[in-house]
Amino acid sequence: MNNFPKEKILSMDDEALKSLIMEINEKAGGNPQSAKKLSEDIPSLKNQISRMSEKDAERLISKIGNQKAEEILKRLGNI
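Undergrad: I'd like a description of the overall build of the protein chain, backed by residues and values.
TA: When helices and strands are counted, the protein chain shows six helices and zero strands. In sequence order, the protein chain lays out its α and β elements as α-α-α-α-α-α. Relative to the globule expectation of 12 Å for 79 residues, the C-alpha radius of gyration of the protein chain, 12 Å, shows essentially globular dimensions. Projected onto its principal axes, the C-alpha coordinates of the protein chain cover approximately 25 × 25 × 20 Å. Within the protein chain, the proportion of its 79 residues that are buried is 27%. Looking at the protein chain alone, contacts between residues at least 24 apart form 70% of all its contacts between residues at least 6 apart. As displayed, the protein chain offers around 5,400 Å² of accessible surface, 49% of which is attributable to carbon and sulfur atoms.

Below, the structure written as structure tokens:
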């Protein structure tokens, strides 16, 4: 998957990234408490994303299914 927008995510301001995390969590059917906790440490999250390989991104995205992944990637493309 060559379209993982890592640089776009890393360039987002903290509030925009927090909002995106909550939106992705909702689309993926995740736990809101987990998403809130994740969004409380944006510098650490950005550090993790910066070290993420394409293979890591593929593995993460595959956990939520193709349809939801496409929705999320489409949303990221509109940022």
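Undergrad: An account of the layout of surface pockets is requested, with residue identities and associated values reported.
TA: Its volume calculated, the largest pocket comes out at about 660 Å³. Lining the largest pocket are 25 residues, and of these Ile21, Ile24, Leu38, Leu45 and Leu60 lie nearest its centre. Of all the secondary-structure elements, those providing two or more residues to the lining of the largest pocket are α2 (14–28), α3 (32–38), α4 (42–50), α5 (54–62) and α6 (66–77). With six residues, the single largest contributor to the lining of the largest pocket is α2. Per-class residue counts for the lining of the largest pocket are 19 nonpolar, five polar and one charged.

Undergrad: I'd like a rundown of α4, residues and numbers included.
TA: The complete set of buried residues in α4 reads Ile42, Leu45, Lys46 and Ile49. The buried side chains of α4 occupy one side of the element, clustering within an arc of 100 degrees when seen end-on. If you follow the buried residues of α4, they end up packed against α1 (6–10), α2 and α3.

Undergrad: Help me get a handle on the pattern of salt bridges, residues and values and all.
TA: This model, assessed by the stated rule, comprises four salt bridges. Of the charged contacts, one joins arginine 59 and aspartate 56 as a salt bridge, the two residues approaching to 2.6 Å between their closest N and O atoms. Here arginine 59 and its partner aspartate 56 are both found in helix α5, three residues apart, which amounts to about one turn of the helix. On the basis of relative accessibility, which here comes to 29%, the residue aspartate 56 falls in the partly exposed class.

Conventions and cut-offs
- Residues numbered from 1 in each chain as written.
- Predicted model: local features only at pLDDT ≥ 70, side-chain atom pairs only at ≥ 80, totals over all residues.
- Heavy atoms only, no water.
- Helix = DSSP H or I, 4+ residues; strand = E, 2+ residues; numbered from the N terminus.
- Rg over C-alpha atoms; globule rule 2.2 N^0.38 Å.
- Buried < 20%, exposed > 50% of the residue type's maximum accessible area, 1.4 Å probe, protein only.
- Contact = heavy atoms within 4.5 Å.
- Areas by Shrake-Rupley, 256 points an atom, 1.4 Å probe, with all protein chains shown as cover.
- 1 Å grid on protein atoms, 1.4 Å probe; cavity = no way out; pocket = protein on both sides within 12 Å on 5 of 7 lines; lining within 4 Å.
- Points joined across faces, edges and corners; volume = space filled by probe spheres on them.
- Nonpolar A, V, L, I, M, F, W, Y, C, P; charged D, E, K, R; others polar.
- Arc of directions from axis to C-beta.
- Salt bridge = Lys/Arg side-chain N within 4 Å of Asp/Glu carboxyl O.

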